[in-house]
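Fold and geometry: a report
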Amino acid sequence: DLQSSEERVRRKTECRCDVLFVVTRPDPGGTREVLSLLRKELRALGLQVAVVALYRGLGARADIQELDCDILVDREYLSMGGYLKAFFKLTRCVRAKRPAAVLSFMPAANVMGALSAKIAGIRCRIACHHQTRTAQHVIIRAIDRVLGDVGVYSQIIAVSQSVRDSFSGYPNEYQKRLRVIPNA
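Analysis parameters
- Residues numbered from 1 in each chain as written.
- Predicted model: local features only at pLDDT ≥ 70, side-chain atom pairs only at ≥ 80, totals over all residues.
- Heavy atoms only, no water.
- Phe/Tyr/Trp six-rings, centres within 6.5 Å; stacked < 30°, edge-to-face > 60°.
- Buried < 20%, exposed > 50% of the residue type's maximum accessible area, 1.4 Å probe, protein only.
- Lys NZ or Arg CZ within 6 Å of the ring centre and 35° of its normal.
- Core = buried A, V, L, I, M, F, W, Y, C linked by side-chain atoms within 4.5 Å.
- Helix = DSSP H or I, 4+ residues; strand = E, 2+ residues; numbered from the N terminus.
- Contact = heavy atoms within 4.5 Å.

**As for the packing of aromatic side chains**
- This structure, assessed with the given rule, holds 6 aromatic pairs.
- Ring centres of Phe 167 and Tyr 174 lie 5.7 Å apart, and the angle between their planes is 15 degrees; this geometry places the pair in the stacked category.
- For Tyr 174, a relative accessible area of 0% puts it in the buried group.
- Their ring planes at 70 degrees and their centres at 4.7 Å tell us that Tyr 170 and Tyr 174 sit as a pair that is edge-to-face. Comparing Tyr 170 with Tyr 174, the two get one shared label, buried.
- In textbook terms, an aromatic cluster arises when at least three aromatic residues are bridged by ring pairs, as seen for Phe 167, Tyr 170 and Tyr 174.
- One cation-aromatic arrangement involves Arg 145 over Tyr 170; the distance from NZ or CZ to the ring centre is 4.7 Å.

**Some points on the nonpolar core**
- Ranked by size, the top nonpolar core spans 50 residues in total, and within it Leu 20, Phe 21, Val 22, Leu 54, Leu 90 and Phe 105 carry the most contacts.
- It is strand β2 (residues 49-55) that provides the largest number of residues to this core, a total of 7 residues.
- When near neighbours in sequence (up to four residues on either side) are disregarded, Val 22 contacts Val 52, Leu 54, Leu 90, Val 102, Leu 103, Ser 104, Phe 105 and Ala 109.

What follows is the structure, encoded as structure tokens:
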């Protein structure tokens, strides 16, 4: 059954799309709700939208099927090697789908989604912060800071003013890309 699942993911990741959403894992919660709303609205506009998760996480398989999300690594947790595997799979996925925009949610997805999109030549690479800077792992935080400063992120969204304010000490180039779009 795992092979058939991998084959399904391979076929789905080869299809083109207009917008690719990248999440770290498809856990139930606020990020997933926002993702579902955005996908619904963009599809209503006639856009092809795909969702990919770096790994399965602890979410139930039924929940994941309901989300219609491609899982790159079918594991509950990832080691450093697992993250590398997910990154290479994500880069292949982005190259195959050739989206006009990659929009990522959650810290690891922001970093890996933007880097994969940059490698694939995607011009619109948007990172979305749902949590304050201090809630991020220290390594992800350092990489995020550099990616926003050097322009790997074309735009950065904070879901509240308090989230935006947590990045106030970041470089000017990072700050120029950072906008608040409040969660509903």
